[in-house]
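Below, each chain spelled out in residue letters.
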Amino acid sequence: MVERSNSRYLGIVITRKSIIFLLISTLSILSWFLIFSSTNPNRVLDYISVPESTDFPLIIIKNSNNLPQENNAESPNPENKEDENRGGTKTEEPLSESREAENRGGVKTEDSISENRGRTETEEAVSENKEDENRGGETEEPITVETLRRIEKISASPTPLKVYMYDMSPEFHFGLLGWKPERGDVVWPDIRIDVPHHPGGLNLQHSVEYWLTLDLLFSELPQDSRSSRAAMRVKNSSEADVVFVPFFSSLSYNRFSKVTQKQKKSQDRELQENLVKFVTFQKEWKISGGKDHVIMAHHPNSMSTARHKLYPAMFVVADFGRYSPNVANVVKDIVAPYKHLVPSYVNDTSGFDGRPILLYFQGAIYRKAGGFVRQELYYLLKEEKDVHFSFGSVRNHGITNAGEGMRSSKFCLNIAGDTPSSNRLFDAIASHCIPVIISDDIELPYEDVLNYNEFCLFVRSSDALKKGFLMDLVRSIGREEWNKMWMRLKEVEKYFDLRFPAKDDDGDYGVQMIWRAIARKAPLVKMKVHRFQRFTRPFLGLSKD
(Lines give C-alpha, C1' and ligand atoms only; values in the text may rest on other atoms or scores of the structure.)
Protein backbone atom coordinates (compact mmCIF):
# COMPACT_ATOMS: atom_id res chain seq x y z
CA MET A 1 0.00 0.00 0.00
CA VAL A 2 2.82 2.32 0.81
CA GLU A 3 4.59 1.68 -2.46
CA ARG A 4 1.40 2.26 -4.42
CA SER A 5 0.79 5.58 -2.62
CA ASN A 6 4.35 6.79 -3.28
CA SER A 7 4.16 6.00 -6.97
CA ARG A 8 0.87 7.91 -7.26
CA TYR A 9 2.41 10.93 -5.52
CA LEU A 10 5.47 10.79 -7.77
CA GLY A 11 3.21 10.74 -10.88
CA ILE A 12 1.38 13.86 -9.71
CA VAL A 13 4.67 15.74 -9.17
CA ILE A 14 5.95 14.79 -12.64
CA THR A 15 2.66 15.91 -14.24
CA ARG A 16 2.83 19.33 -12.57
CA LYS A 17 6.42 19.84 -13.67
CA SER A 18 5.46 18.96 -17.25
CA ILE A 19 2.63 21.48 -17.28
CA ILE A 20 4.87 24.24 -15.87
CA PHE A 21 7.58 23.48 -18.43
CA LEU A 22 5.04 23.53 -21.25
CA LEU A 23 3.66 26.91 -20.14
CA ILE A 24 7.14 28.44 -19.89
CA SER A 25 8.07 27.13 -23.33
CA THR A 26 4.87 28.51 -24.89
CA LEU A 27 5.39 31.96 -23.35
CA SER A 28 9.01 32.05 -24.60
CA ILE A 29 7.96 31.22 -28.16
CA LEU A 30 5.21 33.85 -28.10
CA SER A 31 7.55 36.53 -26.75
CA TRP A 32 10.12 35.88 -29.48
CA PHE A 33 7.38 35.95 -32.10
CA LEU A 34 6.19 39.35 -30.86
CA ILE A 35 9.74 40.72 -30.87
CA PHE A 36 10.37 39.63 -34.46
CA SER A 37 7.01 40.93 -35.71
CA SER A 38 7.44 44.32 -34.03
CA THR A 39 10.90 44.83 -35.53
CA ASN A 40 9.82 44.07 -39.10
CA PRO A 41 11.07 47.14 -41.02
CA ASN A 42 8.38 46.88 -43.67
CA ARG A 43 5.63 47.15 -41.07
CA VAL A 44 7.26 50.19 -39.53
CA LEU A 45 7.47 51.92 -42.92
CA ASP A 46 3.77 51.34 -43.49
CA TYR A 47 2.94 53.70 -40.63
CA ILE A 48 5.71 56.29 -40.77
CA SER A 49 5.65 59.31 -43.06
CA VAL A 50 8.90 60.63 -44.45
CA PRO A 51 10.15 63.75 -42.65
CA GLU A 52 10.06 66.92 -44.71
CA SER A 53 13.18 67.45 -46.78
CA THR A 54 15.29 70.55 -46.48
CA ASP A 55 14.50 71.49 -50.07
CA PHE A 56 10.80 71.83 -49.34
CA PRO A 57 10.42 73.14 -45.79
CA LEU A 58 7.05 73.06 -44.07
CA ILE A 59 6.17 76.69 -43.41
CA ILE A 60 3.23 77.42 -41.18
CA ILE A 61 1.55 80.61 -42.37
CA LYS A 62 0.68 82.45 -39.20
CA ASN A 63 -1.13 85.65 -38.43
CA SER A 64 1.25 88.55 -38.94
CA ASN A 65 -0.18 90.21 -35.84
CA ASN A 66 1.21 87.33 -33.77
CA LEU A 67 4.73 87.21 -35.20
CA PRO A 68 7.63 87.50 -32.70
CA GLN A 69 8.99 91.00 -32.21
CA GLU A 70 12.62 91.96 -32.80
CA ASN A 71 13.31 92.22 -29.09
CA ASN A 72 14.04 89.19 -26.98
CA ALA A 73 10.61 89.12 -25.37
CA GLU A 74 8.34 86.48 -26.85
CA SER A 75 4.59 86.82 -27.16
CA PRO A 76 2.89 83.96 -25.32
CA ASN A 77 -0.22 83.90 -27.48
CA PRO A 78 1.20 82.24 -30.63
CA GLU A 79 2.82 79.51 -28.55
CA ASN A 80 -0.36 78.79 -26.67
CA LYS A 81 -2.36 78.69 -29.87
CA GLU A 82 0.04 76.29 -31.53
CA ASP A 83 -0.07 74.09 -28.43
CA GLU A 84 -3.85 73.92 -28.65
CA ASN A 85 -3.83 73.20 -32.37
CA ARG A 86 -1.37 70.33 -32.11
CA GLY A 87 -2.80 69.00 -28.88
CA GLY A 88 0.69 69.07 -27.41
CA THR A 89 2.28 70.70 -24.40
CA LYS A 90 4.18 73.89 -24.20
CA THR A 91 7.45 72.11 -23.53
CA GLU A 92 7.33 70.64 -27.06
CA GLU A 93 7.36 74.05 -28.75
CA PRO A 94 11.11 74.87 -28.63
CA LEU A 95 12.09 71.54 -30.21
CA SER A 96 9.43 71.90 -32.89
CA GLU A 97 10.56 75.42 -33.76
CA SER A 98 14.24 74.51 -33.85
CA ARG A 99 13.70 71.64 -36.27
CA GLU A 100 11.81 73.93 -38.65
CA ALA A 101 14.33 76.74 -38.25
CA GLU A 102 17.04 74.50 -39.67
CA ASN A 103 14.83 73.65 -42.64
CA ARG A 104 13.05 76.93 -43.34
CA GLY A 105 13.81 79.11 -46.33
CA GLY A 106 13.80 82.61 -44.87
CA VAL A 107 10.24 83.92 -45.31
CA LYS A 108 9.67 87.55 -44.42
CA THR A 109 6.17 87.44 -42.92
CA GLU A 110 5.69 83.78 -42.10
CA ASP A 111 6.64 81.79 -39.01
CA SER A 112 7.65 78.14 -39.20
CA ILE A 113 7.34 74.93 -37.30
CA SER A 114 8.31 71.48 -38.42
CA GLU A 115 5.43 69.26 -37.45
CA ASN A 116 1.99 68.92 -39.04
CA ARG A 117 -0.83 68.95 -36.51
CA GLY A 118 -1.62 65.39 -37.47
CA ARG A 119 1.85 63.92 -36.87
CA THR A 120 1.91 60.81 -34.68
CA GLU A 121 4.28 60.32 -31.76
CA THR A 122 6.22 57.83 -33.87
CA GLU A 123 6.80 60.42 -36.57
CA GLU A 124 7.93 62.97 -34.01
CA ALA A 125 10.43 60.51 -32.63
CA VAL A 126 11.85 59.80 -36.10
CA SER A 127 12.13 63.54 -36.81
CA GLU A 128 13.83 64.21 -33.46
CA ASN A 129 16.35 61.42 -34.01
CA LYS A 130 17.22 62.85 -37.39
CA GLU A 131 17.74 66.28 -35.91
CA ASP A 132 19.96 64.79 -33.19
CA GLU A 133 22.19 63.34 -35.90
CA ASN A 134 22.29 66.67 -37.73
CA ARG A 135 23.41 68.43 -34.55
CA GLY A 136 26.13 65.84 -33.95
CA GLY A 137 24.25 64.16 -31.10
CA GLU A 138 24.20 67.26 -28.88
CA THR A 139 20.74 66.55 -27.52
CA GLU A 140 21.41 68.39 -24.26
CA GLU A 141 22.12 71.79 -25.84
CA PRO A 142 19.45 74.35 -24.84
CA ILE A 143 17.65 76.08 -27.69
CA THR A 144 17.27 79.84 -27.41
CA VAL A 145 15.45 82.46 -29.47
CA GLU A 146 18.83 83.87 -30.51
CA THR A 147 19.89 80.45 -31.83
CA LEU A 148 16.73 80.20 -33.91
CA ARG A 149 17.29 83.65 -35.41
CA ARG A 150 20.90 82.83 -36.23
CA ILE A 151 19.87 79.64 -38.03
CA GLU A 152 17.15 81.51 -39.90
CA LYS A 153 19.61 84.09 -41.23
CA ILE A 154 21.95 81.51 -42.77
CA SER A 155 19.17 79.31 -44.24
CA ALA A 156 19.04 79.19 -48.04
CA SER A 157 15.82 79.91 -49.95
CA PRO A 158 13.79 76.82 -50.93
CA THR A 159 14.74 75.12 -54.18
CA PRO A 160 11.96 75.25 -56.80
CA LEU A 161 10.10 72.02 -57.41
CA LYS A 162 11.50 70.43 -60.58
CA VAL A 163 8.66 69.39 -62.86
CA TYR A 164 8.85 67.31 -66.02
CA MET A 165 5.81 67.96 -68.23
CA TYR A 166 4.76 65.66 -71.06
CA ASP A 167 4.60 67.26 -74.50
CA MET A 168 1.11 65.99 -75.17
CA SER A 169 -1.09 66.71 -78.19
CA PRO A 170 -3.05 69.99 -77.96
CA GLU A 171 -6.29 67.98 -77.98
CA PHE A 172 -5.60 67.28 -74.31
CA HIS A 173 -5.04 70.88 -73.22
CA PHE A 174 -5.21 74.19 -75.08
CA GLY A 175 -6.94 72.59 -78.06
CA LEU A 176 -9.98 72.24 -75.79
CA LEU A 177 -10.03 76.05 -75.70
CA GLY A 178 -10.03 76.29 -79.50
CA TRP A 179 -6.30 76.94 -79.88
CA LYS A 180 -4.78 75.45 -83.04
CA PRO A 181 -1.01 75.25 -83.71
CA GLU A 182 0.31 76.75 -86.94
CA ARG A 183 2.40 73.63 -87.65
CA GLY A 184 1.86 69.97 -86.92
CA ASP A 185 5.02 69.66 -84.85
CA VAL A 186 4.02 72.48 -82.49
CA VAL A 187 2.51 71.36 -79.19
CA TRP A 188 2.40 74.52 -77.07
CA PRO A 189 1.30 78.11 -77.75
CA ASP A 190 3.90 80.87 -77.63
CA ILE A 191 2.59 82.58 -74.52
CA ARG A 192 4.94 85.51 -75.07
CA ILE A 193 2.72 86.48 -78.01
CA ASP A 194 -0.69 84.99 -77.38
CA VAL A 195 -2.12 83.31 -74.28
CA PRO A 196 -5.15 81.15 -75.19
CA HIS A 197 -8.25 82.71 -73.69
CA HIS A 198 -10.23 80.86 -71.03
CA PRO A 199 -14.00 81.14 -71.61
CA GLY A 200 -14.77 82.03 -67.99
CA GLY A 201 -18.25 81.55 -66.56
CA LEU A 202 -18.85 78.48 -64.40
CA ASN A 203 -16.02 76.69 -66.23
CA LEU A 204 -13.62 79.11 -64.56
CA GLN A 205 -14.12 77.76 -61.04
CA HIS A 206 -12.35 74.47 -61.92
CA SER A 207 -9.64 76.09 -64.05
CA VAL A 208 -6.62 75.18 -61.86
CA GLU A 209 -5.32 73.02 -64.76
CA TYR A 210 -5.12 76.11 -66.98
CA TRP A 211 -3.14 78.21 -64.48
CA LEU A 212 -0.65 75.50 -63.50
CA THR A 213 0.16 74.68 -67.12
CA LEU A 214 0.69 78.33 -68.02
CA ASP A 215 2.97 78.77 -65.03
CA LEU A 216 5.15 75.83 -66.11
CA LEU A 217 5.43 77.16 -69.67
CA PHE A 218 6.31 80.60 -68.31
CA SER A 219 9.07 79.15 -66.11
CA GLU A 220 11.04 78.25 -69.27
CA LEU A 221 11.11 81.80 -70.62
CA PRO A 222 13.77 84.46 -70.01
CA GLN A 223 10.92 86.76 -68.96
CA ASP A 224 10.47 84.70 -65.81
CA SER A 225 12.85 86.51 -63.49
CA ARG A 226 11.15 85.42 -60.27
CA SER A 227 13.61 84.54 -57.55
CA SER A 228 10.90 82.99 -55.39
CA ARG A 229 9.17 80.80 -57.94
CA ALA A 230 7.84 77.57 -56.50
CA ALA A 231 8.23 75.32 -59.57
CA MET A 232 10.21 75.15 -62.78
CA ARG A 233 9.99 72.93 -65.83
CA VAL A 234 12.88 70.59 -66.61
CA LYS A 235 13.42 68.79 -69.91
CA ASN A 236 15.03 65.66 -68.46
CA SER A 237 12.63 63.50 -66.48
CA SER A 238 15.50 61.98 -64.47
CA GLU A 239 16.08 65.41 -62.90
CA ALA A 240 12.43 65.91 -61.96
CA ASP A 241 10.77 65.67 -58.58
CA VAL A 242 7.37 65.03 -60.19
CA VAL A 243 5.92 64.40 -63.66
CA PHE A 244 3.07 66.70 -64.73
CA VAL A 245 0.28 65.45 -67.01
CA PRO A 246 -1.25 68.46 -68.86
CA PHE A 247 -4.79 67.18 -69.40
CA PHE A 248 -7.51 69.80 -68.89
CA SER A 249 -9.87 67.21 -67.42
CA SER A 250 -12.38 69.64 -65.87
CA LEU A 251 -12.72 71.61 -69.09
CA SER A 252 -13.08 68.35 -71.02
CA TYR A 253 -15.93 67.27 -68.73
CA ASN A 254 -17.69 70.64 -68.76
CA ARG A 255 -17.61 71.02 -72.53
CA PHE A 256 -17.50 67.55 -74.04
CA SER A 257 -19.06 65.01 -71.66
CA LYS A 258 -22.42 64.83 -73.46
CA VAL A 259 -22.91 62.31 -76.25
CA THR A 260 -24.21 63.76 -79.52
CA GLN A 261 -26.38 61.87 -81.98
CA LYS A 262 -23.39 61.11 -84.21
CA GLN A 263 -21.26 59.74 -81.37
CA LYS A 264 -21.18 56.35 -79.68
CA LYS A 265 -19.24 57.82 -76.77
CA SER A 266 -18.51 61.36 -75.66
CA GLN A 267 -15.35 63.23 -76.63
CA ASP A 268 -14.48 63.42 -72.94
CA ARG A 269 -14.65 59.62 -72.63
CA GLU A 270 -12.44 59.18 -75.71
CA LEU A 271 -9.90 61.64 -74.33
CA GLN A 272 -9.76 59.76 -71.03
CA GLU A 273 -9.16 56.46 -72.82
CA ASN A 274 -6.42 58.00 -74.97
CA LEU A 275 -4.91 59.61 -71.89
CA VAL A 276 -4.61 56.26 -70.13
CA LYS A 277 -2.96 54.69 -73.18
CA PHE A 278 -0.51 57.57 -73.57
CA VAL A 279 0.51 57.93 -69.93
CA THR A 280 0.87 54.25 -69.07
CA PHE A 281 3.03 53.71 -72.18
CA GLN A 282 5.59 56.33 -71.10
CA LYS A 283 8.84 55.12 -69.54
CA GLU A 284 8.39 57.63 -66.70
CA TRP A 285 5.19 55.86 -65.66
CA LYS A 286 6.77 52.42 -65.92
CA ILE A 287 9.77 53.44 -63.83
CA SER A 288 7.72 54.87 -60.96
CA GLY A 289 4.44 53.01 -61.32
CA GLY A 290 2.90 56.46 -61.76
CA LYS A 291 3.44 57.40 -58.12
CA ASP A 292 5.34 60.61 -59.00
CA HIS A 293 2.81 61.79 -61.61
CA VAL A 294 0.55 64.80 -61.03
CA ILE A 295 -2.85 64.65 -62.75
CA MET A 296 -5.51 67.34 -62.49
CA ALA A 297 -9.04 66.19 -61.66
CA HIS A 298 -10.52 69.26 -60.00
CA HIS A 299 -14.12 68.92 -61.15
CA PRO A 300 -15.75 66.20 -59.01
CA ASN A 301 -17.01 64.42 -62.15
CA SER A 302 -13.83 64.72 -64.21
CA MET A 303 -11.60 61.69 -64.92
CA SER A 304 -14.62 59.49 -64.11
CA THR A 305 -13.16 56.40 -65.83
CA ALA A 306 -9.45 57.21 -66.06
CA ARG A 307 -9.16 57.81 -62.31
CA HIS A 308 -9.61 54.09 -61.65
CA LYS A 309 -6.63 53.24 -63.87
CA LEU A 310 -4.33 56.15 -63.02
CA TYR A 311 -4.99 56.25 -59.26
CA PRO A 312 -1.34 55.64 -58.24
CA ALA A 313 -0.73 59.22 -59.40
CA MET A 314 -1.20 62.33 -57.28
CA PHE A 315 -4.55 63.95 -58.16
CA VAL A 316 -5.23 67.69 -57.84
CA VAL A 317 -8.84 67.79 -56.63
CA ALA A 318 -11.45 70.11 -55.13
CA ASP A 319 -12.51 67.54 -52.52
CA PHE A 320 -12.90 63.78 -52.07
CA GLY A 321 -16.69 63.61 -52.06
CA ARG A 322 -16.93 61.43 -55.17
CA TYR A 323 -13.79 59.35 -54.72
CA SER A 324 -13.28 56.07 -52.95
CA PRO A 325 -10.43 56.29 -50.42
CA ASN A 326 -8.21 53.87 -52.34
CA VAL A 327 -8.41 56.09 -55.45
CA ALA A 328 -7.97 59.51 -53.82
CA ASN A 329 -7.33 60.66 -50.27
CA VAL A 330 -5.85 63.57 -48.36
CA VAL A 331 -2.56 61.78 -47.69
CA LYS A 332 -1.74 61.07 -51.34
CA ASP A 333 -3.43 63.91 -53.20
CA ILE A 334 -3.62 67.71 -53.32
CA VAL A 335 -6.65 69.85 -52.49
CA ALA A 336 -6.61 73.02 -54.62
CA PRO A 337 -8.89 76.05 -54.35
CA TYR A 338 -11.65 76.93 -56.75
CA LYS A 339 -11.14 80.03 -58.84
CA HIS A 340 -13.47 82.56 -57.23
CA LEU A 341 -16.11 83.99 -59.57
CA VAL A 342 -16.85 87.25 -57.77
CA PRO A 343 -14.22 89.99 -58.15
CA SER A 344 -11.71 90.57 -55.38
CA TYR A 345 -12.63 93.30 -52.92
CA VAL A 346 -9.82 95.81 -53.48
CA ASN A 347 -9.24 98.53 -50.87
CA ASP A 348 -11.85 97.12 -48.51
CA THR A 349 -12.46 99.58 -45.67
CA SER A 350 -15.97 98.39 -44.81
CA GLY A 351 -15.26 97.08 -41.32
CA PHE A 352 -17.76 95.81 -38.79
CA ASP A 353 -20.25 98.68 -39.12
CA GLY A 354 -20.04 98.77 -42.92
CA ARG A 355 -21.63 95.31 -43.28
CA PRO A 356 -25.27 95.52 -42.18
CA ILE A 357 -26.20 91.90 -43.04
CA LEU A 358 -25.27 89.51 -40.23
CA LEU A 359 -25.47 86.18 -42.11
CA TYR A 360 -25.64 85.61 -45.88
CA PHE A 361 -26.44 82.72 -48.19
CA GLN A 362 -27.59 82.76 -51.78
CA GLY A 363 -27.58 79.69 -53.99
CA ALA A 364 -29.28 76.39 -54.69
CA ILE A 365 -31.27 75.34 -51.63
CA TYR A 366 -32.65 71.95 -52.63
CA ARG A 367 -29.75 69.60 -53.30
CA LYS A 368 -29.18 65.86 -53.38
CA ALA A 369 -28.68 63.66 -50.29
CA GLY A 370 -25.41 65.31 -49.24
CA GLY A 371 -26.94 68.80 -49.21
CA PHE A 372 -30.06 68.22 -47.09
CA VAL A 373 -28.66 70.62 -44.47
CA ARG A 374 -29.25 73.58 -46.79
CA GLN A 375 -32.96 72.87 -46.94
CA GLU A 376 -33.27 72.42 -43.18
CA LEU A 377 -31.33 75.63 -42.48
CA TYR A 378 -33.49 77.56 -44.90
CA TYR A 379 -36.59 76.82 -42.80
CA LEU A 380 -34.71 77.63 -39.59
CA LEU A 381 -33.23 80.96 -40.72
CA LYS A 382 -35.54 82.47 -43.35
CA GLU A 383 -37.43 84.58 -40.79
CA GLU A 384 -34.40 85.63 -38.74
CA LYS A 385 -33.58 89.32 -38.50
CA ASP A 386 -30.45 90.52 -40.42
CA VAL A 387 -30.21 87.20 -42.30
CA HIS A 388 -30.26 86.87 -46.10
CA PHE A 389 -31.04 83.26 -47.09
CA SER A 390 -32.48 82.90 -50.56
CA PHE A 391 -32.34 80.93 -53.79
CA GLY A 392 -29.91 82.17 -56.45
CA SER A 393 -28.20 81.10 -59.66
CA VAL A 394 -25.79 82.53 -62.21
CA ARG A 395 -28.68 83.80 -64.33
CA ASN A 396 -29.90 87.39 -64.21
CA HIS A 397 -26.57 88.76 -62.92
CA GLY A 398 -26.54 86.20 -60.12
CA ILE A 399 -22.76 86.33 -59.63
CA THR A 400 -22.72 90.12 -59.44
CA ASN A 401 -25.59 90.15 -56.95
CA ALA A 402 -23.92 87.49 -54.82
CA GLY A 403 -20.68 89.48 -54.75
CA GLU A 404 -22.47 92.62 -53.60
CA GLY A 405 -24.37 90.66 -50.96
CA MET A 406 -21.20 89.09 -49.56
CA ARG A 407 -19.45 92.46 -49.38
CA SER A 408 -22.36 93.74 -47.29
CA SER A 409 -22.31 90.79 -44.86
CA LYS A 410 -20.32 89.96 -41.76
CA PHE A 411 -20.65 86.17 -42.10
CA CYS A 412 -21.23 83.99 -45.17
CA LEU A 413 -22.58 80.46 -44.98
CA ASN A 414 -20.71 77.71 -46.80
CA ILE A 415 -22.96 74.67 -46.57
CA ALA A 416 -22.26 71.25 -48.08
CA GLY A 417 -24.17 70.62 -51.29
CA ASP A 418 -23.83 67.75 -53.72
CA THR A 419 -20.17 67.61 -52.66
CA PRO A 420 -18.42 68.72 -49.43
CA SER A 421 -16.94 71.87 -51.01
CA SER A 422 -18.16 74.63 -53.31
CA ASN A 423 -16.89 77.78 -54.94
CA ARG A 424 -18.96 79.80 -52.46
CA LEU A 425 -16.22 79.50 -49.81
CA PHE A 426 -13.66 81.16 -52.05
CA ASP A 427 -16.13 83.83 -53.19
CA ALA A 428 -16.61 84.65 -49.50
CA ILE A 429 -12.86 84.85 -48.94
CA ALA A 430 -12.46 87.18 -51.94
CA SER A 431 -15.29 89.33 -50.49
CA HIS A 432 -13.72 89.36 -47.00
CA CYS A 433 -16.90 87.87 -45.52
CA ILE A 434 -16.10 85.53 -42.61
CA PRO A 435 -16.95 82.00 -43.83
CA VAL A 436 -19.15 79.83 -41.63
CA ILE A 437 -18.37 76.30 -42.84
CA ILE A 438 -21.03 73.64 -42.32
CA SER A 439 -19.58 70.63 -44.07
CA ASP A 440 -18.44 67.70 -41.94
CA ASP A 441 -16.37 66.03 -44.70
CA ILE A 442 -14.70 69.08 -46.21
CA GLU A 443 -10.96 69.12 -46.90
CA LEU A 444 -9.30 72.49 -47.40
CA PRO A 445 -6.31 73.70 -49.45
CA TYR A 446 -2.95 74.04 -47.66
CA GLU A 447 -4.44 73.18 -44.26
CA ASP A 448 -1.10 71.68 -43.21
CA VAL A 449 0.38 75.20 -43.23
CA LEU A 450 -2.68 77.45 -42.94
CA ASN A 451 -4.87 77.66 -39.84
CA TYR A 452 -8.41 78.28 -41.05
CA ASN A 453 -9.62 78.78 -37.49
CA GLU A 454 -8.07 82.26 -37.63
CA PHE A 455 -10.54 83.46 -40.29
CA CYS A 456 -13.36 80.88 -40.48
CA LEU A 457 -16.00 79.42 -38.19
CA PHE A 458 -16.64 75.66 -38.30
CA VAL A 459 -19.98 74.22 -37.27
CA ARG A 460 -20.98 70.54 -37.21
CA SER A 461 -24.08 69.79 -39.27
CA SER A 462 -25.81 68.29 -36.24
CA ASP A 463 -25.21 71.49 -34.23
CA ALA A 464 -26.24 73.79 -37.08
CA LEU A 465 -29.66 72.13 -37.21
CA LYS A 466 -30.34 72.84 -33.54
CA LYS A 467 -32.74 75.74 -33.27
CA GLY A 468 -30.95 78.92 -32.27
CA PHE A 469 -27.45 77.42 -32.26
CA LEU A 470 -26.14 79.12 -35.40
CA MET A 471 -27.61 82.53 -34.64
CA ASP A 472 -26.30 82.43 -31.07
CA LEU A 473 -22.84 81.61 -32.40
CA VAL A 474 -22.53 84.45 -34.92
CA ARG A 475 -24.11 86.97 -32.54
CA SER A 476 -21.56 86.00 -29.89
CA ILE A 477 -18.70 87.25 -32.12
CA GLY A 478 -18.09 90.83 -31.02
CA ARG A 479 -16.55 93.72 -32.93
CA GLU A 480 -12.98 93.10 -31.73
CA GLU A 481 -12.97 89.37 -32.53
CA TRP A 482 -14.69 89.90 -35.87
CA ASN A 483 -12.22 92.62 -36.88
CA LYS A 484 -9.32 90.32 -36.05
CA MET A 485 -10.73 87.57 -38.29
CA TRP A 486 -11.55 90.10 -41.01
CA MET A 487 -8.00 91.46 -41.04
CA ARG A 488 -6.59 87.94 -41.22
CA LEU A 489 -8.96 87.15 -44.08
CA LYS A 490 -7.57 90.07 -46.07
CA GLU A 491 -4.05 88.77 -45.43
CA VAL A 492 -4.69 85.24 -46.67
CA GLU A 493 -7.00 85.91 -49.64
CA LYS A 494 -4.02 86.00 -52.04
CA TYR A 495 -3.26 82.33 -51.31
CA PHE A 496 -6.50 81.43 -53.11
CA ASP A 497 -6.14 83.82 -56.04
CA LEU A 498 -5.22 81.99 -59.26
CA ARG A 499 -3.56 84.32 -61.77
CA PHE A 500 -1.06 84.54 -64.61
CA PRO A 501 1.63 85.68 -64.91
CA ALA A 502 2.93 85.84 -61.36
CA LYS A 503 5.62 88.43 -60.64
CA ASP A 504 8.14 88.54 -57.82
CA ASP A 505 6.21 91.17 -55.90
CA ASP A 506 3.06 89.02 -56.09
CA GLY A 507 4.35 86.70 -53.38
CA ASP A 508 2.70 83.34 -52.78
CA TYR A 509 -0.47 83.56 -54.81
CA GLY A 510 -2.65 80.53 -55.50
CA VAL A 511 -0.53 78.89 -58.21
CA GLN A 512 2.64 79.09 -56.14
CA MET A 513 0.82 77.74 -53.08
CA ILE A 514 -0.37 74.70 -55.04
CA TRP A 515 3.16 73.96 -56.27
CA ARG A 516 4.44 74.24 -52.71
CA ALA A 517 1.74 71.83 -51.54
CA ILE A 518 2.91 69.35 -54.19
CA ALA A 519 6.52 69.90 -53.11
CA ARG A 520 5.63 68.97 -49.53
CA LYS A 521 4.44 65.61 -50.84
CA ALA A 522 7.67 65.03 -52.80
CA PRO A 523 9.65 63.21 -50.05
CA LEU A 524 6.80 60.76 -49.48
CA VAL A 525 6.45 60.28 -53.25
CA LYS A 526 10.15 59.52 -53.50
CA MET A 527 9.87 56.86 -50.81
CA LYS A 528 6.89 55.28 -52.59
CA VAL A 529 8.82 55.16 -55.88
CA HIS A 530 11.84 53.55 -54.23
CA ARG A 531 9.66 50.91 -52.60
CA PHE A 532 7.90 50.24 -55.91
CA GLN A 533 11.29 49.66 -57.54
CA ARG A 534 12.44 47.03 -55.02
CA PHE A 535 11.66 44.04 -57.21
CA THR A 536 10.93 45.58 -60.62
CA ARG A 537 14.42 46.47 -61.91
CA PRO A 538 12.69 49.36 -63.73
CA PHE A 539 15.70 50.80 -65.53
CA LEU A 540 16.38 47.68 -67.59
CA GLY A 541 15.05 47.75 -71.12
CA LEU A 542 13.29 51.13 -70.81
CA SER A 543 15.95 53.49 -72.13
CA LYS A 544 15.24 52.53 -75.74
CA ASP A 545 11.48 52.95 -75.56
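Residues numbered from 1 in each chain as written. Predicted model: local features only at pLDDT ≥ 70, side-chain atom pairs only at ≥ 80, totals over all residues. Heavy atoms only, no water.

Undergrad: Break down the sheet that holds strand 6 (residues 334-335) for me, with residues and values.
TA: The 6 strands are arranged 2-1-3-4-5-6 in an open sheet whose pairing can be described as parallel. Edge positions in the sheet fall to strand 2 (231-233) and strand 6, since each of these pairs with one other strand and no more. Where strand 5 (residues 314-317) and strand 6 come together, 2 bridges link them in parallel fashion. Residue V317 lies in a different strand from strand 6, and its bridge partner there is V335. (Pairing = 2+ DSSP bridges. Helix = DSSP H or I, 4+ residues; strand = E, 2+ residues; numbered from the N terminus.)

Undergrad: Describe the nonpolar core, and please don't skip the residues or the numbers.
TA: L359, F411, L413, V436, I438 and W515 are the most contacted members of the largest nonpolar core, which totals 113 residues. Here this core takes 9 residues from helix 17 (residues 510-532), the largest share from any one element. Both domain 1 (161-335) and domain 2 (357-496) contribute no fewer than three residues apiece to this core. With sequence-adjacent residues up to four places away left out, I438 is seen in contact with V373, L377, L413, N414, I415, A416, V459, S461, A464 and L470. Membership of the second largest hydrophobic core comes to 6 residues, among which are Y360, A402, M406 and A428. (Core = buried A, V, L, I, M, F, W, Y, C linked by side-chain atoms within 4.5 Å. Buried < 20%, exposed > 50% of the residue type's maximum accessible area, 1.4 Å probe, protein only. Domains from an automatic or database assignment. Contact = heavy atoms within 4.5 Å.)

Undergrad: Quick one: what's the story with the state of the cysteines, residue by residue and with numbers?
TA: Throughout the structure, instances matching the rule amount to 1 disulfide. Across the disulfide, C412 is cross-linked to C433 (sulfur-sulfur distance 2.1 Å). Given an S-S torsion of about 105 degrees, the disulfide between C412 and C433 has right-handed geometry. Here C433 lies in the loop between helix 13 (424-430) and strand 10 (434-438) and C412 lies in strand 9 (residues 409-415), a separation of 21 residues in the sequence. For C433, a relative accessible area of 0% translates into the label buried. (Disulfide = S-S within 2.5 Å.)

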